[in-house]
Amino acid sequence: MPLLEVKGLKTEFRIEEGVVHAVDGVSFHVESGETLGIVGESGCGKSVTAMSIMRLIPDPPGHIAGGQILWKGKDILSMPDDAMPDLRGNEIAMIFQDPMTSLNPVFTVEKQLGEVLEKRFGLKKEGARARAVEMLEQVGIADPSERIKAYPHELSGGMKQRIMIAMALMCEPDLLIADEPTTALDVTVQAQILHLMKKLQEKVGAAVILITHDMAVVAETCDRVAVMYAGRVVEFCDVYRLFEETKHPYAFGLLKSIPKEGLTKEDSLATIEGIVPSLIHPPTGCRFADRCFKARDRCRSEDPQLRDVGDGHLTACHFPIEEGDE
Amino acid sequence: MTSPILQVEDLKKYYPIRGGVIARKVADVKAVNGVSFDLYPGETLGLVGESGCGKSTLGRTLMRLEEPTGGRVLFEGKDLAHAKGKELFDLRAEIQMIFQDPYSSLNPRLPVRDIVIEPLEVHKMGTASERLDKVVALCRRVGLKEEVIGRYPHEFSGGQRQRVGIARALALEPKVIVADEPVSALDVSVQAQVINLMVELQKELGLTYIFISHDLSVVEYISDSIAIMYLGRIVETGKKETIFSNPTHPYTRALISSVPNPDPRKRRVQVAIEGETPSPVNPPSGCAFHPRCPFAVEACKKDVPALESFTQTDDPRHNVACIRKDEIEPHFKN
């Protein structure tokens, strides 16, 4: 049994113009201890998927309209509301893109870490402080017994993200969901944070869902990858297959549009023409068809389902990439 | 050898920090602290560094969007940093800017036509109908259809908005364009479209670019030469090939090895560098990089190292600001 299995998840938002089908039939699973990357461009539904797993979709305007989210076999969506706080944090923890806004600006680091330690471990004052200092040390914060007295605005972005990681992993969750954890950080700090996450993940034995738009970060950190486009998973496979035997034309185009080492201005970059379709009135058939160089009539009428094209490599495409496609 | 189109000499931009009851100046933030470089016609200079290193301030200061605290900016021999009145007005048409955020750099109350026509009106170029023709031609050139020029910015996607920004920058037929993180707010696939457009325009119009970015893979693709900034100063310059195959300054090395590789078989096992960029309000003494530098010695804490020619590579433009540049082992790219 996988640790987490998402089946046919649908999350919608009602807005003035209509219903936005932000996540529209998403399925994937995460095994214990592995790192799954969810990758896609803005608006593809990757963050909404994560928020749905945590049941943090603001309702209204949003709601989960269908599907199942099986956590160790039990459906999160049918759990009573009062079971959620225990699940969040203890079993599934989350860190967000913007460490600037995820910490409470009016409390010190000590107070914020202390709250978690008290609730979860019943630790108070001295005990909580000692444990918090130890956690900060583990996430590589210099001078932790001083830093713990700081307010969030006194810390750099990298330090705040380290504290978020400390907080998330303090309760030794089985799954950490990290939503663009390094996007707001400088590249030298990004490398440090990714390394830190890996180290602590191994120590705690947690699985990680890493949500990102950056294919290089995926290559660097993930075991398996789900590529999302317009509210759907279009490719789901291990990281080597994604980069070396890409099947879906969208993933293929995305990988080709990254400037590669040694490319010069004489070679123009591959692009994906056109724009993402409306999620209020998504087109019939494949949502990528209008931008796809392989699209045929069938793609515009028949919706491709996620299917196995060999050895557990899943793709939602009628005409997957073959050798020789460019 | 061709002479530079733009020469920046010891350019400085300090911002005062005020404190106390009468808001006296108590210190300076030296955002740009003595920067010099040459820009050659038809080339792209990639200006790279992490947040707070002063790269955007440098871009804005050499355009005179910020008043320089010191130094000179020579455009074809004329000093833009000290120009006044008519001379400044005319010089401004020669250097234009593309901004990072295509959402906030376009006036939301103006249709695209008016946004692009504005520089032409300010500089009184041609008659009204000539101006309009020019706007249509510009929009077409950057890939916007004629029928959309009456629309407002919010009706466009990020990529299209950036095309509007490019059309506006091109309106006065400038020779130099300063592009400050022009693709960072865009998705990867759209990013490639905008970069391709910028490269095409450069070839077609002979433009010279200063391309400011924190994204090394984009910079490697688009640049001819590169300048690396750290805390208000340039620490290394050189041809693109030199910087990427022979990075010499310890910071450049760390920066380049911190970039993740889009190939799962080339994962890094080590972190290239620990720590974060210190605050520019209170920078370290001597070489600002010394607290993070694996090669630092006592002398590095004393004097600011000058940006000097590095002769071990056969790139005449290769300059490095490090007192140990000749002793530390060459960097081998993995």
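These numbers come from a predicted model, not from an experiment. (Residues numbered from 1 in each chain as written. Chains lettered and ligands numbered in written order. Predicted model: local features only at pLDDT ≥ 70, side-chain atom pairs only at ≥ 80, totals over all residues. Heavy atoms only, no water.)

1. Side note on the overall build of chain B
When helices and strands are counted, chain B shows nine helices and twelve strands. A compact globule built from 334 residues would reach a C-alpha radius of gyration of about 20 Å, and chain B, at 21 Å, matches this within 12%. Seen through its principal axes, chain B has C-alpha atoms that stretch 65 × 60 × 45 Å. The long-range fraction of contacts in chain B, counting pairs at least 24 apart against all pairs at least 6 apart in sequence, stands at 64%. Carbon and sulfur atoms make up 50% of the accessible area of chain B, which totals about 15100 Å². (Helix = DSSP H or I, 4+ residues; strand = E, 2+ residues; numbered from the N terminus. Rg over C-alpha atoms; globule rule 2.2 N^0.38 Å. Contact = heavy atoms within 4.5 Å. Areas by Shrake-Rupley, 256 points an atom, 1.4 Å probe, with all protein chains shown as cover.)

2. Topic: the overall build of chain A
The helix and strand tally for chain A stands at twelve helices and twelve strands. Over its C-alpha trace chain A gives a radius of gyration of 21 Å, about what one expects of a compact globule, namely 20 Å for 326 residues. With the principal axes as the frame, chain A shows a C-alpha extent of 70 × 50 × 40 Å. Relative to its full complement of 326 residues, chain A shows a buried share of 54%. (Buried < 20%, exposed > 50% of the residue type's maximum accessible area, 1.4 Å probe, protein only.)

3. So, empty space enclosed by the protein
In the structure shown here, the tally under the stated rule is four cavities of 30 Å³ or more. Across the lining of the largest cavity, the residue classes break down as eleven nonpolar, two polar and two charged. (1 Å grid on protein atoms, 1.4 Å probe; cavity = no way out; pocket = protein on both sides within 12 Å on 5 of 7 lines; lining within 4 Å. Points joined across faces, edges and corners; volume = space filled by probe spheres on them. Nonpolar A, V, L, I, M, F, W, Y, C, P; charged D, E, K, R; others polar.)

4. Structural notes on the pairing of strand β1 (residues 4-15) of chain A
Residues and elements named next belong to chain A. Across ten bridges, the pairing between β1 and strand β2 (residues 18-30) is antiparallel. The residue of β2 that forms the bridge with glutamate 5 is histidine 29. Counted between consecutive antiparallel strands, the loop separating β1 from β2 contains two residues. Summarising the sheet, β1 and strand β4 (residues 62-71) pair through eight bridges and their orientation is antiparallel. Each residue of the ladder has a partner; that of glutamate 5, found in β4, is leucine 70. (Pairing = 2+ DSSP bridges.)

5. A short note on the pairing of strand β10 (residues 233-239) of chain B
Residue and element names in this part refer to chain B. With five of seven residues buried, β10 lies mostly within the body of the structure. Here six bridges tie strand β9 (residues 225-230) to β10, and the two strands are oriented antiparallel to one another. Across the sheet, the residue bridging to tyrosine 230 is arginine 233, located in β10. Where β9 hands over to β10, the hairpin turn is made up of two residues, of which leucine 231 adopts a positive phi near 45 degrees. In the sheet, β10 pairs with strand β12 (residues 319-320) via two bridges, with the strands oriented antiparallel. Directly across from glutamate 236, in β12, lies its bridge partner valine 320.

6. Thoughts on the environment of leucine 176 of chain A
Residues and elements named next belong to chain A. Checked against the element boundaries, leucine 176 lands in strand β7 (residues 175-179). Considering only alpha carbons, one finds leucine 176 and isoleucine 95, 81 residues apart in sequence, at a separation of 7.7 Å. Once residues lying within four places of it in the same chain are set aside, the contact partners of leucine 176 are Ala93, Met94, Ile95, Ala168, Leu169, Met197, Ala207, Val208 and Ile209.

7. A few points about the interface of chain A and chain B
Across the contact, 45 residues belong to chain A and 42 residues belong to chain B. If you sort the residues of chain A by the area they bury against chain B, Thr188, Glu220 and Lys265 of chain A come out on top, with a joint share of 20%. As a salt-bridge pair, lysine 265 of chain A and aspartate 224 of chain B come within 2.9 Å of each other at their nearest N and O atoms. Here chain A and chain B share 24 residue pairs in polar contact (both at pLDDT 80 or more) between them. At the level of secondary structure, the elements contributing two or more residues to the side of chain A that touches chain B comprise α7 (157-170), α8 (187-204), α9 (215-221) and α10 (239-244) of chain A. Residue composition of the side of chain A that touches chain B, by class: 20 nonpolar, 15 polar and ten charged. (Buried area = accessible area lost by both parts, 1.4 Å probe. Salt bridge = Lys/Arg side-chain N within 4 Å of Asp/Glu carboxyl O. Polar contact = N/O pair within 3.5 Å; in protein donor to acceptor, adjacent residues only side chain to side chain.)

8. Quick look at the nonpolar core
Counting residues in each nonpolar core, the largest one holds 101 residues, and the members touching the most others are Leu4, Phe28, Ile53, Leu175, Ile177 and Ile209 of chain A. At nine residues, the largest contribution of residues to this core is made by α7 of chain A. Counting residues in each nonpolar core, the second largest holds 63 residues, with Leu144, Ala171, Val183 and Met198 of chain B among its members. (Core = buried A, V, L, I, M, F, W, Y, C linked by side-chain atoms within 4.5 Å.)

9. Details of the pattern of salt bridges
Residues and elements named next belong to chain B. Summed over all chains, the structure comprises 41 salt bridges over all chains. Note that lysine 86 and aspartate 90 form a salt bridge whose closest N and O atoms lie 2.5 Å from each other. You can see lysine 86 and its partner aspartate 90 sitting in helix α2 (residues 85-92), four residues apart, about one turn around the helix. Between arginine 141 and glutamate 200 there is a salt bridge, and its shortest N-O distance comes to 3.4 Å. Of this pair, arginine 141 sits in helix α4 (residues 128-141) while glutamate 200 is found in helix α6 (residues 188-205), placing the two residues 59 residues apart along the sequence. Look at glutamate 200 and you get partly exposed, because its relative accessible area is 41%.

10. Some thoughts on the sheet that holds strand β11 (residues 308-309) of chain B
Residues and elements named next belong to chain B. Pairing is mixed in the open sheet, where eight strands are placed in the order β6-β7-β8-β3-β9-β10-β12-β11. Strands with a single pairing partner mark the edges of an open sheet, and in this sheet they are β6 (95-98) and β11. Taken together, the four bridges between β6 and strand β7 (residues 176-180) define a ladder with parallel strand orientation. Within β7, the residue paired with isoleucine 98 across the bridge is alanine 179. Running at roughly 175 degrees to β6, helix α5 (residues 158-170) makes contact with β6 and β7 of the sheet. Lying over the sheet, α6 contacts β3 (44-48), β6, β7 and β8 (208-213), oriented at roughly 160 degrees with respect to β8. (Axes fitted to C-alpha atoms, helices over the stretch in contact; angles between N-to-C directions.)

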